[in-house]
Amino acid sequence: VQLVESGGGLVQPGGSLRLSCAASGLTFSSYAMSWYRQAPGKERELVAVITSAGGSTNYGGSVKGRFTISRDNAKNTVYLQMNSLRPEDTAMYYCRAQLMYREYWGQGTQVTVSS
């Protein structure tokens, strides 16, 4: 199983980025997918989660109204659209696939919000 994140980078405050996570080696449409992030010196926190069919989403409190998670099961890919970015959004962003007791993580993509 491989989860490969992409789309991170350096962006100014107020800007936007779209992260992608391409999955292989699993039945993607069966897995709930989520994005987590971890800033230096802080614990990893949930950013957003989407159910296997994409019918339900949930977000961490600090990103509600700014970030949108979506998925394309035909492309085995989950996305995170991030708008109105703030310096405190700076972190390594990871995607996670979860089905019952199985979970897989990607290697992460760095997002830095700075002027």
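Up top is the structure these notes are about.
The shown structure was predicted, so the numbers you read here are calculated from the model rather than taken from an experiment.

**Q** A description of the environment of Leu-80 should follow, citing residues and the corresponding values.
**A** Within the element layout of this structure, Leu-80 appears in strand β8 (residues 77-82). C-alpha separation for the pair Leu-80 and Val-49, spaced 31 residues apart in sequence, amounts to 9.9 Å. With residues near it in sequence (within four places) discarded, Leu-80 still touches Leu-17, Arg-18, Leu-19, Trp-35, Val-47, Ala-48, Phe-67, Thr-68, Ile-69 and Tyr-93.

**Q** Can you break down the state of the cysteines residue by residue, with the values?
**A** Following the criterion strictly, the structure yields 1 disulfide and no others. The disulfide that involves Cys-21 links it to Cys-95, with 1.9 Å between the sulfurs. With Cys-21 in strand β3 (residues 17-24) and Cys-95 in strand β9 (residues 91-99), the pair connects residues that are 74 residues apart, well separated along the chain. Like Cys-95, Cys-21 is buried.

**Q** For the sheet that holds strand β1 (residues 2-6), give the residues involved together with the corresponding values.
**A** Here 4 strands make up an open sheet; going across it, the order is β1-β3-β8-β7 and the pairing antiparallel. The open sheet has two edge strands, β1 and β7 (67-72), and neither has a second partner. On average, adjacent strands in this sheet sit at an angle of 15° to one another, irrespective of strand direction. Here β1 runs beside β3; their pairing, made up of 5 bridges, is antiparallel. Across the sheet, Val-4 pairs through a bridge with Ala-22, a residue of β3.

**Q** Quick one: what's the story with the nonpolar core, residue by residue and with numbers?
**A** Grouped together as the largest cluster of nonpolar side chains are 29 residues, with contacts concentrated most on Met-33, Trp-35, Leu-80, Met-82 and Tyr-93. The set of elements that each furnish at least two residues to this core consists of β3, β4 (32-38), β5 (45-50), β7, β8, β9 and β11 (109-113).

**Q** Provide a residue-level description of the pairing of strand β10 (residues 102-105), including the pertinent values.
**A** Consecutive side chains along a regular strand alternate between the two faces of the sheet. Note: β9 against β10, 4 bridges, orientation antiparallel. When the sheet's bridge partners are listed, Arg-96 is paired in β10 with Trp-105. What sits between β9 and β10 in their antiparallel hairpin is a turn of 2 residues, with Met-100 showing a positive phi close to 50°.

About the thresholds
- Residues numbered from 1 in each chain as written.
- Predicted model: local features only at pLDDT ≥ 70, side-chain atom pairs only at ≥ 80, totals over all residues.
- Heavy atoms only, no water.
- Helix = DSSP H or I, 4+ residues; strand = E, 2+ residues; numbered from the N terminus.
- Contact = heavy atoms within 4.5 Å.
- Disulfide = S-S within 2.5 Å.
- Buried < 20%, exposed > 50% of the residue type's maximum accessible area, 1.4 Å probe, protein only.
- Pairing = 2+ DSSP bridges.
- Axes fitted to C-alpha atoms, helices over the stretch in contact; angles between N-to-C directions.
- Core = buried A, V, L, I, M, F, W, Y, C linked by side-chain atoms within 4.5 Å.

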